[in-house]
Amino acid sequence: MKGAVEYIPTYIPKGKYLYGIIRTEGDKELGQIGLRRARVYTIGFRNIAALVSDHPLTKIKPLRETLTSHDQVIKEAIQDFTVIPMAFGHIVRNAKEIQRLIEVNYPEIDQELNRLSNKVEMGLKILWDVDNIFEYFVNRDRELRDFRDTIFGRSRQPTQGEKIELGRLFESKLNRERQIHTETVIRVLGHCTVDAKVNPPTHEKMVMNGVFLVEKGKERPFEEQVHLAAGLFDGNFDFDYSGPWAPHNFIELELAELGSIPSPQESPARLHRGL
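Parameters and conventions
Residues numbered from 1 in each chain as written. Predicted model: local features only at pLDDT ≥ 70, side-chain atom pairs only at ≥ 80, totals over all residues. Heavy atoms only, no water. Helix = DSSP H or I, 4+ residues; strand = E, 2+ residues; numbered from the N terminus. Buried < 20%, exposed > 50% of the residue type's maximum accessible area, 1.4 Å probe, protein only. Contact = heavy atoms within 4.5 Å. Areas by Shrake-Rupley, 256 points an atom, 1.4 Å probe, with all protein chains shown as cover. Axes fitted to C-alpha atoms, helices over the stretch in contact; angles between N-to-C directions. Parallel < 35°, antiparallel > 145°, perpendicular 65-115°, else oblique. Nonpolar A, V, L, I, M, F, W, Y, C, P; charged D, E, K, R; others polar. Phe/Tyr/Trp six-rings, centres within 6.5 Å; stacked < 30°, edge-to-face > 60°. Core = buried A, V, L, I, M, F, W, Y, C linked by side-chain atoms within 4.5 Å. Arc of directions from axis to C-beta. Polar contact = N/O pair within 3.5 Å; in protein donor to acceptor, adjacent residues only side chain to side chain. Pairing = 2+ DSSP bridges.

**Q** Can you lay out the overall build of the protein chain for me, pointing to particular residues and giving the numbers?
**A** When you go through the protein chain residue by residue, the secondary structure sums to seven helices and 11 strands. Out of the 275 residues in the protein chain, the part that is buried amounts to 46%. Put simply, of all contacts in the protein chain between residues at least 6 apart along the chain, 75% involve residues at least 24 apart. Just so you have it, the protein chain exposes about 14700 Å², and 48% of that area is on carbon and sulfur atoms.

Shown next, in the form of structure tokens:
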């Protein structure tokens, strides 16, 4: 429900809601920008700290307001810190458990913060801007067009097997074009990025669903290279870039011994991966 706020009884004891992990000396505060407009502050061990806010010890529903608040904290934090973001919905019972979490995983967290230091994530989606993707390919590819005309141009209807074969041929052409275009774009963007990953397309008209690790402060050169890459394509393609974000897709860290309240999906504690 749009704008809905989850009702939580006041008698439920409070724990610490986790947003992410940063490197910092001393206590820090980000203001009242957390879930339910709670104060966001740090709880640390040595020079590593978790970004938290107080929240009742209960499962949290992924409502629009709570999801937005979670993301807003991380977005605010990356302005001044390298952030290892946590997935939505994790609550730890008290400060000692958070300090224990960092202590147990300290070497791995320290290494990950060093690897991702001063880096942000940029996203780039490329779409075929056409009304009918199958007809677009048929008009451009003679092999696909000839096979389509052969099985549909006879007096009898094509068999199910022939339709399946046509679908397979179209899928192979589609994936081949995706690969060619993706390699072109990654090559152009390689001049201003540290790393790149390509996530699976979310629908048929998606050419590339890419994410790029970029040095903080070099977002502008990234945008310029995106425009340069877009200039290599005709008007049948749409480029849509976003960011900067915390490096969700580049996290290579699994935390042990996180005593948290699981999310509504009953998932174990995990780091945030993906947009």
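**Q** Describe in detail the packing of helix α2 (residues 95–104) against helix α3 (residues 106–115), supporting the description with residues and values.
**A** Here α2 crosses α3 at 75°, and the two axes come no closer than 5 Å. Taken as axis vectors, α2 and α3 run roughly perpendicular relative to one another. Counting all contacts with α2, which are made through Ile 102, Glu 103 and Val 104, the residues of α3 involved are Tyr 106, Pro 107, Glu 108 and Ile 109. Class assignment for the residues of the contact of α2 with α3 results in five nonpolar, no polar and two charged.

**Q** Quick rundown of the packing of aromatic side chains? Include the residues and the values.
**A** Considering all chains together, one arrives at 11 aromatic pairs under this definition. Aromatic pair Phe 45 and Tyr 106: ring centres 6.0 Å apart, planes at 80°, arrangement edge-to-face. Of the two residues, Phe 45 sits in strand β3 (residues 40–45) while Tyr 106 sits in helix α3, which places them 61 residues apart along the sequence. Residue Tyr 106 is classed as buried on the basis of its relative accessible area of 11%. Ring centres 5.8 Å apart and planes at 85° place the aromatic pair Phe 137 and Phe 170 in the edge-to-face group. Of this pair, Phe 137 sits in helix α4 (residues 133–140) while Phe 170 sits in helix α6 (residues 160–189), and the two are 33 residues apart along the sequence. Accessibility expressed as a relative area gives 4% for Phe 137, which makes it buried.

**Q** Please give an account of the nonpolar core that cites residues and values.
**A** Within the largest apolar cluster, 29 residues are counted, with the highest numbers of intra-cluster contacts made by Leu 124, Trp 128 and Phe 239. Listing elements by their share of this core, those giving two or more residues are β7 (119–128), α4, α5 (142–152), α6, β9 (206–215), α7 (219–230) and β10 (237–245). With seven residues, the single largest contributor to this core is α6. Setting aside residues up to four positions removed in sequence, Phe 239 forms contacts with Leu 124, Lys 125, Ile 126, Val 185, Val 226, Ala 229, Ala 230 and Phe 233. Among the nonpolar cores identified, the runner-up in size contains 23 residues, and Ile 21, Tyr 41, Tyr 106 and Leu 213 belong to it.

**Q** Talk me through α5; I want residue IDs and the actual numbers.
**A** In an α-helix, one full turn covers 3.6 residues, which means residues spaced three or four apart are oriented alike. Buried within α5 are the following residues: Leu 144, Arg 148 and Ile 151. When α5 is viewed along its axis, its buried side chains cluster within an angular range of 80° and face the same direction. Each element contacted by the buried residues of α5 is listed here: α4 and α6. N-cap assignment for α5: the residue whose side-chain oxygen lies 3.2 Å from the backbone N of Glu 143 is Asp 141.

**Q** Could you give me a rundown of the packing of α4 against α6, with the residues and numbers involved?
**A** When two helices pack together, their arrangement is given by the angle between the helix axes and by the axis-to-axis distance. Two elements in contact, α4 and α6, have axes whose closest approach is 11 Å; the angle formed by their N-to-C orientations is 85°. Judged by the angle between their axes, α4 and α6 are roughly perpendicular. Mapping the contact onto sequence places Ile 133, Phe 134, Phe 137 and Arg 140 in α4 and Leu 166, Phe 170, Lys 173, Leu 174 and Glu 177 in α6.

**Q** Could you give an account of the pairing of β9, naming the residues involved and the relevant values?
**A** Counting buried positions over the 10 residues of β9 gives nine, a clear majority of the element. Pairing of β7 with β9 involves nine bridges; the strand directions are antiparallel. Counterpart to Leu 127 in the pairing with β9 is Met 206. Pairing between strand β8 (residues 195–199) and β9: five bridges, direction antiparallel. Along β9, the bridge assignment pairs Lys 197 with Val 211. A loop of six residues connects β8 with β9, the two strands running antiparallel in sequence.

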